[in-house]
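# Descriptive structure summary
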Amino acid sequence: MTKIYVAGHRGMVGSAIVRNLQNRKAEGEALTIVTRTHAELDLTDQAAVRDFFQVEKPDVVILAAAKVGGIHANNTFPADFIYENLMIECNVIHQAFSAGVHRLLQLGSSCIYPGAASQPMGESALLTGVLEPTNEPYAIAKIAGIKLCESYNRQHGTDYRSVMPTNLYGPGDNFHLENSHVLPALLRRFQEATENGIEDISIWGTGTPKREFLHVDDMADASMFVLNLPHDVYAANVEPMLSHINVGTGSDISIMELAQMIAEVTGYKGTISTDPTKPDGTMRKLMNVDRLGRMGWRARIGLREGIEDAHRWFLANRGTARA
């Protein structure tokens, strides 16, 4: 029986990983899933994390816990973002090692790459340029997580791996109109416009920037794929000090095309206009997923299918804290 601790099980990614594990358990895999809420275990508290690991002694750790937020939150609370994320990573990774955990998977973010990285962004772009200023503290913390895993592997022979997803969406997403990311924000706006008879929706910028989107259930599947890769296969495809793996679809879509697709899903019949006085942001952020593809994994959920799934979840969960 394999005991797997999922840190951050209430977040969008963590809950998708728990669903994935529950499905595997239902299919006959011998595993036990261990979780703790923030009230039960503060991952920034070193002593509490140490005590947890010494008592539970999991066989595998999946680190999906993080303090996350949009541009406004990152700009307003940079100290909180770098401190809390560094503490979570340091405590979980070190105490996992101290408790004898040999296998660990850490989840990061595509913001680890330089703001001017060439497209598509390959793993080798890490630490080759200046980070995007708006989320630099968060990015620094996630880079530190990668290097923590690599350092414990090099010094102690552990098998700690890191995966870096592109923009995620799906069940459990944050649909707040001001604090959410572009896909859930647009989905909510178009749904409410449809219900309220609004005939024109204006999107920020020119609508031409392109973004890549990965359904969170695909991310969970990719995470388990990477975690369970035989060590010789994993080691043959990475380098000891460049060991993280990009996870994405390998394709992107313009913001206007995304808006049009969401309009179709929500039944919106009005016009879609742009507001060029608002910033476009980075024109393109596409992940190079060749490394993961060579290992044998590719995304399976198409964007239209995924948006329909996210739409159903939003309609069923409106009124909750995140929807």
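Residues numbered from 1 in each chain as written. Predicted model: local features only at pLDDT ≥ 70, side-chain atom pairs only at ≥ 80, totals over all residues. Heavy atoms only, no water.

## Remarks on the overall build of the protein
Heads up, the rule is: Secondary structure is summarised from DSSP: a helix means a run of H or I of at least four residues, a strand means a run of E of at least two, and numbering begins at the N terminus for each. Categorising residues by exposure relies on relative accessible area from a 1.4 Å probe, with only protein chains included: less than 20% of the type maximum marks a residue as buried, more than 50% marks it as exposed, and the intermediate range marks it as partly exposed. By definition in these notes, contact holds between two residues if any of their heavy atoms fall within 4.5 Å. All accessibility values rest on the Shrake-Rupley procedure with a 1.4 Å probe; residue burial counts only the protein chains present in the view. His residues and chain termini do not enter the charge count, which takes Lys and Arg as positive and Asp and Glu as negative. Lysine's charge is taken at NZ, arginine's at CZ, aspartate's at CG and glutamate's at CD.
Secondary structure summary: the protein contains 11 helices and 13 strands in total. Its C-alpha atoms put the protein at 60 × 40 × 40 Å along the principal axes. When burial is assessed residue by residue, the protein has 50% of its 323 residues classed as buried. Within the protein, contacts between residues separated by at least 24 positions form 82% of all contacts whose residues are at least 6 apart in sequence. Counting only carbon and sulfur atoms, one obtains 51% of the accessible surface of the protein, whose full area is about 14700 Å². Put simply, the protein has 30 plus and 37 minus side-chain charges, and the middle of one group is 3 Å from the middle of the other.

## Let's talk about the sheet that holds strand E13 (residues 284–285)
The following threshold applies: One requirement defines pairing of two strands: DSSP has to find at least two bridges between them.
Ordered in space as E11-E8-E13, the three strands form an open sheet in which the pairing is mixed. Because the sheet does not close on itself, it has two edges, and the strands there are strand E11 (253–254) and E13. Relative to E13, strand E8 (residues 210–211) runs parallel, the two sharing two bridges. Its bridge partner being in E13, Lys 210 is matched across the sheet by Arg 284.

## Observations concerning the sheet that holds strand E10 (residues 245–247)
The pairing of strands in a sheet comes from backbone hydrogen bonds and takes either a parallel or an antiparallel form. For clarity, the threshold we go by: Under this scheme, a helix contributes an axis fitted over its contacting stretch, all axes are lines through C-alpha atoms, and angles between N-to-C directions fall in the 0 to 180 degree range.
The strand order across the open sheet formed by six strands is E2-E1-E3-E4-E5-E10, and the pairing between neighbours is parallel. For this open sheet the edge positions go to strand E2 (31–34) and E10, each flanked by a neighbour on one side alone. For this sheet the average axis-to-axis angle between neighbouring strands, irrespective of direction, equals 20°. Of the strand pairs in this sheet, strand E1 (residues 2–7) and E2 are connected by four bridges, and their pairing is parallel. Paired with Ile 4 across the strands is Ile 33, a residue of E2.

## Side note on the packing of aromatic side chains
The criterion, for reference: Any pair of Phe, Tyr and Trp rings, taking the six-membered ring for Trp, is counted once the centres come within 6.5 Å. Such a pair is stacked with planes under 30 degrees apart, edge-to-face with planes over 60 apart, and tilted for the rest.
Here the structure, examined in full by the defined rule, presents eight aromatic pairs. Between Phe 175 and Trp 313, the ring centres sit 6.0 Å apart and the planes meet at 20°, which makes this aromatic pair stacked. Here Phe 175 is found in the loop between strand E6 (167–169) and helix H6 (182–196), whereas its partner Trp 313 is found in helix H11 (residues 303–317), with 138 residues between them in sequence. Given a relative accessible area of 1%, Phe 175 falls into the buried group.

In short, the description is geometric, and any link to function would need to be established separately.
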